[in-house]
Number of protein chains: 2
Amino acid sequence: MELIEKLNWRYAAKAMNGEKISQEKIDNIIEAISLAPTSSGLQPFEVVVITNQEVKDKIRPVAWNQSVVSDCSHLLVFAAWDTYTADRINFMFDLTNEVRGFKNEGWENYRQQLLGVYVPRPAQENFEHAARQAYIAFSQAIAAAAFEGVDATPMEGFDTAAVDEILGLEAKGLKSCVMLPLGYRDAENDWLVNLPKVRKSKEDLLIKVD
Amino acid sequence: MELIEKLNWRYAAKAMNGEKISQEKIDNIIEAISLAPTSSGLQPFEVVVITNQEVKDKIRPVAWNQSVVSDCSHLLVFAAWDTYTADRINFMFDLTNEVRGFKNEGWENYRQQLLGVYVPRPAQENFEHAARQAYIAFSQAIAAAAFEGVDATPMEGFDTAAVDEILGLEAKGLKSCVMLPLGYRDAENDWLVNLPKVRKSKEDLLIKVD
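Bear in mind that the values here come from a model prediction, so they are computed numbers and not experimental data.

Within chain A, the secondary structure is distributed over nine helices and five strands. When the helices and strands of chain A are read in sequence order from the N terminus, they spell out α-α-β-α-α-β-α-α-α-β-α-β-α-β. Counting only C-alpha atoms, chain A reaches 60 × 50 × 35 Å along its principal axes. A buried classification covers 57% of the 210 residues belonging to chain A. Across chain A, contacts joining residues at least 24 apart in sequence account for 81% of those joining residues at least 6 apart. Carbon together with sulfur atoms contributes 48% to the accessible area of chain A, which is approximately 8,600 Å² in total. A distance of 3 Å separates the average location of the 22 positive side-chain charges in chain A from that of its 31 negative side-chain charges.

Moving on to empty space enclosed by the protein. Residue and element names in this part refer to chain B. Evaluation of the coordinates by the stated rule reveals one cavity of 30 Å³ or more. Roughly 40 Å³ of internal volume is contained in the largest cavity. Trp 9, Arg 10, Tyr 11, Ile 142, Ala 145, Ala 146, Val 150, Asp 151 and Ala 152 are the residues that line the largest cavity. Counting residues per element, the ones that place at least two in the lining of the largest cavity are helix H7 (123-147) and strand E3 (151-152). Among the elements that line the lining of the largest cavity, the one with the most residues is H7, at three residues. Looking at the lining of the largest cavity residue by residue, the class counts come to seven nonpolar, no polar and two charged.

What follows is about the UniProt feature "domain: Nitroreductase" (unreviewed entry) in chain A. Residues given the UniProt feature "domain: Nitroreductase" (unreviewed entry) here are residues 9-184 of chain A. Taken end to end, residues 9-184 of chain A has its terminal C-alpha atoms 13 Å apart, with 50% of it in helix and 15% in strand.

Our focus in this paragraph is the pattern of salt bridges. For the coordinates displayed, the defined rule picks out 18 salt bridges over all chains. Among the ionic pairs, Lys202(B) bridges to Glu31(A), the shortest N-O distance being 2.8 Å. With Lys202(B) in helix H9 (residues 202-205) and Glu31(A) in helix H2 (residues 23-35), the pair connects residues from two separate chains. Judged by relative accessible area, Lys202(B) falls into the partly exposed class, the value being 30%.

The next point concerns the relation of the copies chain B and chain A. Screw-axis analysis of chain B against chain A gives a translation of 0.0 Å along the axis, an RMSD of 0.0 Å, and a rotation angle of 180°. Here the transformation between the copies is reduced to the relation of a two-fold axis. The residues that chain B uses at the interface reappear at the interface of chain A in 100% of cases, marking a shared surface.

So, on to the interface of chain B and chain A. Interfaces are often sized by the accessible area lost when the parts come together. At the junction of the two partners, chain B supplies 75 residues and chain A supplies 75 residues. For the pairing of chain B and chain A, the buried interface totals around 6,800 Å² over both sides, and the portion due to carbon and sulfur atoms is 63%. Our count for the chain B to chain A interface comes out at four salt bridges. The tally of links between chain B and chain A comes to 40 residue pairs in polar contact (both at pLDDT 80 or more). Its residues placed into classes, the side of chain B that touches chain A shows 45 nonpolar, 13 polar and 17 charged. Two elements, strand E5 (residues 206-209) of chain A and strand E1 (residues 45-50) of chain B, share four bridges in a ladder whose sense is parallel. Within E1(B), the residue paired with Leu206(A) across the bridge is Val47(B).

Now for the sheet that holds strand E2 (residues 74-81) of chain B. Reading across the sheet, the five strands line up as E5(A)-E1(B)-E2(B)-E4(B)-E3(B) and stay open at both edges, with mixed pairing between neighbours. Bordering the open sheet on either side are E5 of chain A together with E3 of chain B, each of which pairs with just one other strand. In this structure, E2(B) lies alongside strand E4 (residues 174-183) of chain B, joined through eight bridges in antiparallel fashion. From the neighbouring strand, His74(B) faces E4(B), where its bridge partner is Leu182(B).

Glancing now at the pairing of E1(B). Residue and element names in this part refer to chain B. Burial of E1 is extensive: six of the six residues sit out of reach of the surface. Of the strand pairs in this sheet, E1 and E2 are connected by six bridges, and their pairing is antiparallel. Along E2, the bridge assignment pairs Val 48 with Val 77.

Attention now moves to the side chain of Ser176(B). All names here are of chain B. With respect to the helices and strands, Ser 176 occurs in strand E4. At 3.2 Å, the side chain of Ser 176 and the backbone oxygen of Thr 160 are in polar contact. For Ser 176, the residues in contact, after removing those within four places along its chain, are Val 77, Phe 78, Ala 79, Phe 158, Thr 160, Val 163, Asp 164 and Leu 169.

Conventions adopted
Residues numbered from 1 in each chain as written. Chains lettered and ligands numbered in written order. Predicted model: local features only at pLDDT ≥ 70, side-chain atom pairs only at ≥ 80, totals over all residues. Heavy atoms only, no water. Helix = DSSP H or I, 4+ residues; strand = E, 2+ residues; numbered from the N terminus. Buried < 20%, exposed > 50% of the residue type's maximum accessible area, 1.4 Å probe, protein only. Contact = heavy atoms within 4.5 Å. Areas by Shrake-Rupley, 256 points an atom, 1.4 Å probe, with all protein chains shown as cover. Lys, Arg positive; Asp, Glu negative; His and termini not counted. Charge placed at Lys NZ, Arg CZ, Asp CG, Glu CD. 1 Å grid on protein atoms, 1.4 Å probe; cavity = no way out; pocket = protein on both sides within 12 Å on 5 of 7 lines; lining within 4 Å. Points joined across faces, edges and corners; volume = space filled by probe spheres on them. Nonpolar A, V, L, I, M, F, W, Y, C, P; charged D, E, K, R; others polar. UniProt positions renumbered as here; feature names shortened; annotations may be inferred. Salt bridge = Lys/Arg side-chain N within 4 Å of Asp/Glu carboxyl O. Least-squares fit on C-alpha atoms with pLDDT ≥ 70 in both. Buried area = accessible area lost by both parts, 1.4 Å probe. Polar contact = N/O pair within 3.5 Å; in protein donor to acceptor, adjacent residues only side chain to side chain. Pairing = 2+ DSSP bridges.

And the structure:
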């Protein structure tokens, strides 16, 4: 299957060459993010798309000084909602009614159920839930980048509070949780590029209940 | 891009027809799970692959009685490590040395760093981190299923403790976090199949820093 070929081609690039990614390719990667499924369709995150060199350079020192942060073409920062609020939940339910052009009693009951469960829940619990949804989108971005022949470096190793400060995320009710530098591998200077992928065996990965 | 077409085709099937998925298609979906990137390459989860009808029927009532749980062909349950332990971390570092056929000082230092940070950390914090990695694999399974023309229903709505009990996961140091019934849509009986996808606008999804 072509997807498997692409996933075998991809790896977490440790050095990038600064080449810019075309708008068409970026648009496709963002479309994959947008299409990713999320719990109750809430899409409880935003994605910061950074091409500004100064901002990338500011983030690099709080991301273990990894060169791909400043040498990438586009730096994507996935920032999850800090909590679920009634406004945020209602936004998506109202949008759904608008797009579908009708109201549905079951859907409205489901809205009330989510409002009842999510809004009073501790912010940290809501954030963890929202962050998992951001990871679904993050993962589809990685697959989409591979499809475009674009390198990507999945990256959790950064000071999330510092990145939130640099990007002004707190005021937007967002907290960064994972980032994805996108660009093109600098094969000559990347120690990882020629090393084999390591994965545990299917015996260790799977529990079969036949 | 073909991936975008596939992601547009997919939706969270609400009714499945019981048709069995071929072994080749399942193998490809599992391969995508295996190839998904994870933090430090730890793959801190296992995937329960359930075809046994009795077990599916037992899970259905603790999963909001959703029909796809019993009517699917294969039910995948993603179960994250309950915590990081020295053994679990060492397993992956040792495997890497074995696959690559050499030891590297930087890699060994990184091993010590992870052991120092992860092992003493509260189990809940480690589980949340492991669960996010499981979501990366879960997301690539969704994309792979779409590639195979297989329907999938991303599902968080279940009693994780009850599923852990049914599958005996606690004894394995695992906790279920998300499931994915796989099969074929029963288009005539699925209220969702013909409704348009709802996604927030790119303006609401993205923060551009040019």
